[in-house]
Amino acid sequence: MKRIIHIPATLAVLLLFQQLLFSSCSKNFIDLTDPTRIVSSDYYQDSTSVAAGVIAAYATLQGEYGRAGSNNRGIFPFAEVASDNSYSVIDATGIGDFEYFTTTSANVNVQSMWVATYKSIATCNILLSRAPSVKMTPATLNRYMAEVKFIRALVYFNAVRIWGDVPLVTREISSITDAYVYGRTSQDSVYQQIIKDLTDAEPVLPVKYASANDLGRVTQGAVKGLLAKVYLTQNDYTNAANKLNEFITLYDNSTYSLQTTYANIFSTTNEMNSEIIFAVRYTKGGYGTGSPFTNYFAPNASVTGGIGNAGQYNLVRKDLVDTFLANGASDTRYAAAIGFYTGTGVYYTKKYTDVPASDGDADCDWIVLRYADVLLMYAEALNEQSAANVALAIPYINRVRARAGITALSASTQTQASLRLAIEDERKLELNMEGHRWFDLVRTGRAVTVMNNHFTKYQIKNGTVVVSIQPYQTLFPIPLSEINTNPILKQNTGYN
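Here, residues in each chain are numbered from 1, in the same order as that chain's written sequence. Owing to the predicted nature of the model, reporting of local features is limited to residues with pLDDT of at least 70; listing and counting of side-chain atom pairs is limited to 80 or more, with chain, interface and lining totals taken over all residues. Side-chain descriptors were evaluated using all non-hydrogen atoms of the structure, hydrogens and water having been removed beforehand.

### Details of the overall build of the protein
Rule in force here: A run of DSSP states H or I qualifies as a helix once it reaches four residues; a run of E qualifies as a strand once it reaches two. Both are numbered from the N-terminal end. Radius of gyration here is computed from C-alpha atoms only, and the compact-globule reference equals 2.2 Å multiplied by the residue count raised to the power 0.38. Think of it in three bands: residues with accessible area under 20% of the maximum for their type are buried, residues over 50% are exposed, and the middle band is partly exposed, with areas taken using a 1.4 Å probe on protein chains only. We call two residues in contact whenever any of their non-hydrogen atoms come within 4.5 Å of each other. Per-residue and other accessible areas were derived by the Shrake-Rupley procedure at a 1.4 Å probe size, with only the shown protein chains allowed to occlude residues.
Regarding its fold elements, the protein presents 19 helices and 10 strands. A compact globule built from 496 residues should have a C-alpha radius of gyration of about 23 Å, and the protein, at 22 Å, falls within 12% of that. Projecting the C-alpha coordinates of the protein onto the three principal axes gives extents of approximately 65 × 50 × 45 Å. Out of the 496 residues in the protein, the part that is buried amounts to 60%. Residue pairs in contact within the protein that sit at least 24 positions apart in sequence constitute 69% of those at least 6 positions apart. Accessible area for the protein stands at about 18100 Å²; split by element, carbon and sulfur atoms hold 52% of it.

Here it is, written out as structure tokens:
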């Protein structure tokens, strides 16, 4: 019988332990754990317990991207509310601070994301440390380790984009004393570890899994796609283009393809469809594994079928609506992605539409990577490599535009600079409300310019003053509670 203990949720302790207590649900391998519990150190005794540990590692991603009933709302405050895509009506949760760039080190969302991040990393480190000593076939062990390395890489990728330098922990920690030696590691070193984890995982994983029960597990394509995004974020356009070319050459219209219609991508009856490369999976029905996003993002309970609350945490800004309308009525993505609630006159996203089983218990997965993203990344990487590549890049953005029903771009009217902005806008529209916009603006060096222009154009004010951001605000503050716990952690410049 498993022995469990209860622990507080500070960084130092989270680096020591992670939970492995789970229950079954219909999306077979995504069972969720109680985040206040851990299994004793003798848990990993056989291949069954290791397999369960891998499930628990996947489960931690629900904490990373958003989990109902927890303090952590997920990645959307950082990735969308901080951008020109969305805003929050409800400020009491601290999400509104991201809209006005008044986020402090005491913000509950900053703290809970840090906790979720290091819970996930701790779970991965324990598995990577202990599983190799368990007797099982080498192929099975190697696949499990590759899946876990991908999860660790994804979580660190989010962390380094949110905070910059972060503690880099790649081993299981056995004492609180050991935990306190970890200060912040340079972004370059964190990226080196991310790339190493992904490079190690890539050749081991299958292109597809034989069983439908394994839909959602990490595949070789997911590793290639994430690795390409990491390279793109580092402005390493050569490696990004090479990896994306490899992806498209191997998988185009075979393993992955664009869905015929945009709305089909997000339908809860069409999950893990041909366009989805990797998603964090959720299942409603009282299992404790449901998606909170339907309720979080709804402007009114009528949108959720009258079930649960309408959080209004992530409503669509007029800027996104106007960018869509500039494309003309032919852009089919607008009607598929954006709704308008007449009761309060607000726009909202329809990408997470479902009728929940109860409040915060919907079926919508969070899509991390999909094929349209790959095509647009490849267009960007080619264009950034050389001004002579404009004609090579345009067909990939046009594939996405064709599905949307809008006019193709012509190489004869595009320069490298104009195509750069066209790709930026296309990513804003195609991937809206999926957790990409803020990170896109930061990695291209456009965040301060775009956001300050946005605040001025729409006269977005904090009190009586139009909001304006400074370069230091492209990173978020380190949680104050973590600095108080571990004084060798230093705050990001500009924050108290």
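### Section: the pairing of strand 7 (residues 346–349)
Rules: For two strands to be treated as a pair, DSSP must find no fewer than two bridges joining them.
As defined by bridge partners, strand 6 (residues 338–341) adjoins strand 7 across four bridges and the pair is classed as antiparallel. For Ile-338, the partnering residue across the bridge sits in strand 7 and is Thr-349. Here strand 6 hands over to strand 7 after four residues, with Gly-345 in that stretch at a positive phi of 70 degrees.

### What to know about the side chain of Glu-99
Heads up, the rule is: All tallies of charge rest on Lys and Arg as positive and Asp and Glu as negative; His and the ends of each chain are not included. The salt bridge definition used is simple: a Lys or Arg side-chain nitrogen within 4 Å of an Asp or Glu carboxyl oxygen.
For Glu-99, the location among the structural elements is in helix 4 (residues 96–100). Notably, Glu-99 is buried but unbridged: the nearest opposite-charge side chain belongs to Arg-317, and the N-O separation is 4.3 Å. Ignoring anything within four residues of it in the chain, the contact list for Glu-99 reads Val-81, Tyr-87, Ser-88, Arg-317 and Phe-455.

### Comments concerning unusual backbone geometry
The phi torsion at Asn-253 lies on the positive side, around 60 degrees, for a residue other than glycine. You can see Asn-253 is positioned in the loop between helix 10 (237–251) and strand 4 (276–280). On the basis of relative accessible area, Asn-253 is assigned to the exposed category, the value being 56%. One non-glycine residue, Met-272, lies in the positive phi region at around 55 degrees. Considering the arrangement of structural elements, one finds Met-272 in the loop between helix 10 and strand 4. Judged by relative accessible area, Met-272 falls into the buried class, the value being 16%.

### Some remarks on the nonpolar core
Cut-off, in case you're wondering: Within this scheme, the nonpolar core is defined by two criteria: the residues are buried Ala, Val, Leu, Ile, Met, Phe, Trp, Tyr or Cys, and they are joined through side-chain atoms within 4.5 Å.
Grouped together as the largest cluster of nonpolar side chains are 126 residues, with contacts concentrated most on Phe-150, Trp-163, Ile-194 and Trp-366. Counting residues per element, this core draws most heavily on helix 6 (residues 138–163), at 16 residues. Leave out the neighbours within four places in its chain, and Trp-163 touches Val-110, Met-113, Trp-114, Thr-117, Arg-184, Leu-475, Phe-476, Pro-477, Ile-478, Pro-479 and Asn-492. Ile-265, Val-321, Ile-338 and Met-433 belong to the second-largest nonpolar core, a separate cluster that totals 15 residues.

### With respect to the packing of aromatic side chains
The description of two aromatic rings rests on the distance between their centres and on the angle between their planes. Worth spelling out the cut-off: When two rings of Phe, Tyr or Trp (its six-membered ring) have centres within 6.5 Å they constitute a pair, described as stacked for plane angles under 30 degrees, edge-to-face for angles over 60, and tilted for the intermediate range.
According to the stated counting rule, one finds 31 aromatic pairs in the structure shown. Summarising the aromatic geometry, the rings of Phe-76 and Tyr-296 are spaced 6.1 Å apart at their centres and angled 50 degrees between planes, so their arrangement reads as tilted. With Phe-76 in helix 3 (residues 76–81) and Tyr-296 in helix 11 (residues 293–297), the pair connects residues that are 220 residues apart, well separated along the chain. Judged by relative accessible area, which is 7%, Tyr-296 ranks as buried. Measuring from ring centre to ring centre gives 4.8 Å for Phe-247 and Tyr-251, while their planes differ by 85 degrees; the resulting arrangement is edge-to-face. Of this pair, Phe-247 and Tyr-251 both sit in helix 10, four residues apart, roughly one helical turn. Residues Phe-247 and Tyr-251 agree in their burial class; the two are buried. Counting every residue linked through ring pairs, the aromatic cluster contains Tyr-65, Phe-76, Tyr-282, Phe-293, Tyr-296, Phe-297, Tyr-313, Tyr-352 and Trp-366.

### Regarding the confidence of the model for the protein
The following threshold applies: A residue's pLDDT is the confidence the predictor assigns to it, expressed on a 0 to 100 scale.
Of all residues in the protein, 91% attain a pLDDT of 70 or more, and the chain-wide mean is 91. Low confidence marks residues 1–26, where pLDDT is under 50. Its contacts with residues over four positions away, or in another chain, come to 94 contacts. Counted against residues more than four places away or in other chains, residues 28–41, with its pLDDT under 50, gives 65 contacts.

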